[in-house]
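Coordinate analysis (summary)
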Amino acid sequence: MSEKKQQVSRRQFLNYTLTGVGGFMAAGMLMPMVRMAVDPVLKESGHGGLTNVSLAVEDITTEPQRIDWKIDQVDGWYESEVSRSAWVFKDENDEIQAFSPICKHLGCVVSWEGNESYPNEFFCPCHNGRYYKSGENVPGTPPLAPLDVYEQEVRDGMLFLGDAVPREEA
Amino acid sequence: MKWKKNDIIQYMEAKDFIDSVLIPLVPFQVSDDNTLPSSTFQSEVIQILANEIEKELTGRVLLTPPLHYLKSTNKDTEVSRLNQWVQDVKQQPFEHVFFLTFDSGWKKVEKELDGTLLWLPGSKSGNLQSAEMRAVIKDQVDQLGELIRSYWV
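Every chain is numbered on its own, with residues counted from 1 as its sequence reads. Chains carry letters and ligands carry numbers; both start at the beginning, A for chains and 1 for ligands, and go up in the order they are written. Local features are withheld for residues below a pLDDT of 70 in this predicted model, meaning they are given only at 70 or higher, and side-chain atom pairs are given and counted only at 80 or more; totals for whole chains, interfaces and linings count all residues. For side-chain calculations, the full set of non-hydrogen atoms in the structure is used, while hydrogens and water are omitted.

For chain B, the name recorded in an unreviewed UniProt entry is YpiF family protein, with Oceanobacillus jordanicus as its organism.

Going by an unreviewed UniProt entry, chain A carries the name Menaquinol:cytochrome c reductase iron-sulfur subunit and comes from Oceanobacillus jordanicus. UniProt positions are given in the numbering used here, feature names are shortened, and annotations may be inferred rather than shown by experiment. What UniProt records for chain A under Sequence similarities (unreviewed entry) is the sentence "Belongs to the Rieske iron-sulfur protein family." Taken from UniProt, the Subunit (unreviewed entry) comment for chain A reads in full: "The main subunits of the menaquinol:cytochrome c complex are a Rieske-type iron-sulfur protein (QcrA), a cytochrome b (QcrB) and a cytochrome c (QcrC)."

Put into structure tokens, the structure is as follows:
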């Protein structure tokens, strides 16, 4: 082999290879770090996440109050703001309860003490479905399951709610 | 229930419980530049109202696609067209039929309709995203829901 033909020396070849492999490894290590740094940008909004519903914990009383908030939801066709509602109160153990207002019968919106004849109960105006304050359905009325419960968390004295989850026991 | 496959399947399983139909009546006229902004605005509002009412009373109300008509046509023709819709609807076990509209033209022919006319005066312009507008619409939905419920008792 003549000196002219050998354009890449052994030393250069090794340098190039090591730089390439080293660079690759460095990139592999840095990627997760960068991802973590810009994490909120990558996070999918809406689904699964908890939303601040603008209700301070100290404003929650034992009397259920209806709160409304909006979340961004993306499905196959639309990106839209979806409104959600909940009945929020403190139960006798001083724990915050957040129930979905969607009737488990056919999906109307229930209201707290919506009928004068049934005080201290949630009432569905469509077919007179009733729920106790605990969210349990009153036997003998159309609904066959208790009201769904929102995933909740308290951060800095504010209430955050997520998705409504059906209860297991009927 | 909305006019969507999933809702309708649920409807078919629970026909006896869903005894009310809500038909929005929405005028449609492209020819007149002067009325275009207001009529499209009112069309948007009436559909929001209808959707919100449906949301509150899903389990007992079927919301149909709106009946569109030319604002300039004779209402008598439209009355018979609307009553044909109602006739068809009543093939199913529906007891209450409600029409929702901003068009006062229907008020005059109300007696000839096979159903209950819910006419309300609507604003002709505004910002649908504003907090005031939302509050107004929410209020109207509450009151319309109350009115519809009063027919059920």
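Read on for the rest.
**Focus: the side chain of B:Lys75**
By the secondary structure assignment, B:Lys75 is in helix H3 (residues 75-89). Beyond its immediate chain neighbours, meaning those up to four positions away, B:Lys75 contacts B:Tyr69, B:Asp103, B:Gly105, B:Trp106 and B:Val109. Runs of E in the DSSP output that reach at least two residues are strands. Runs of H or I that reach at least four are helices, and both are numbered from the N terminus. Here, two residues are considered to be in contact whenever any of their heavy atoms come within 4.5 Å of each other.

**Focus on the pairing of strand S1 (residues 20-27) of chain B**
Residues and elements named next belong to chain B. Each residue is assigned to one of three classes by its accessible area relative to the maximum for its type, calculated with a 1.4 Å probe on protein chains only: buried under 20%, partly exposed between the two thresholds, exposed over 50%. When you tally the buried positions in S1, you get 8 out of 8 residues, the bulk of the element. Covered by surrounding structure in S1 are Ser 20, Leu 22, Pro 24 and Val 26 together with Val 21, Ile 23, Leu 25 and Pro 27, the residues of both alternating faces. Between any two strands, pairing holds if DSSP finds at least two bridges. Two elements, S1 and strand S2 (residues 61-63), share 3 bridges in a ladder whose sense is parallel. The residue of S2 that forms the bridge with Val 21 is Leu 62. Taken together, S1, helix H2 (residues 36-56) and S2 form a β-α-β motif whose crossover is right-handed. Note: S1 against strand S4 (residues 96-101), 5 bridges, orientation parallel. Its bridge partner being in S4, Val 21 is matched across the sheet by Val 97. Whether a crossover is right-handed comes down to one check: with the strands pointing away from the viewer, does the path from the first strand over the helix to the second run clockwise; if it does, it is right-handed.

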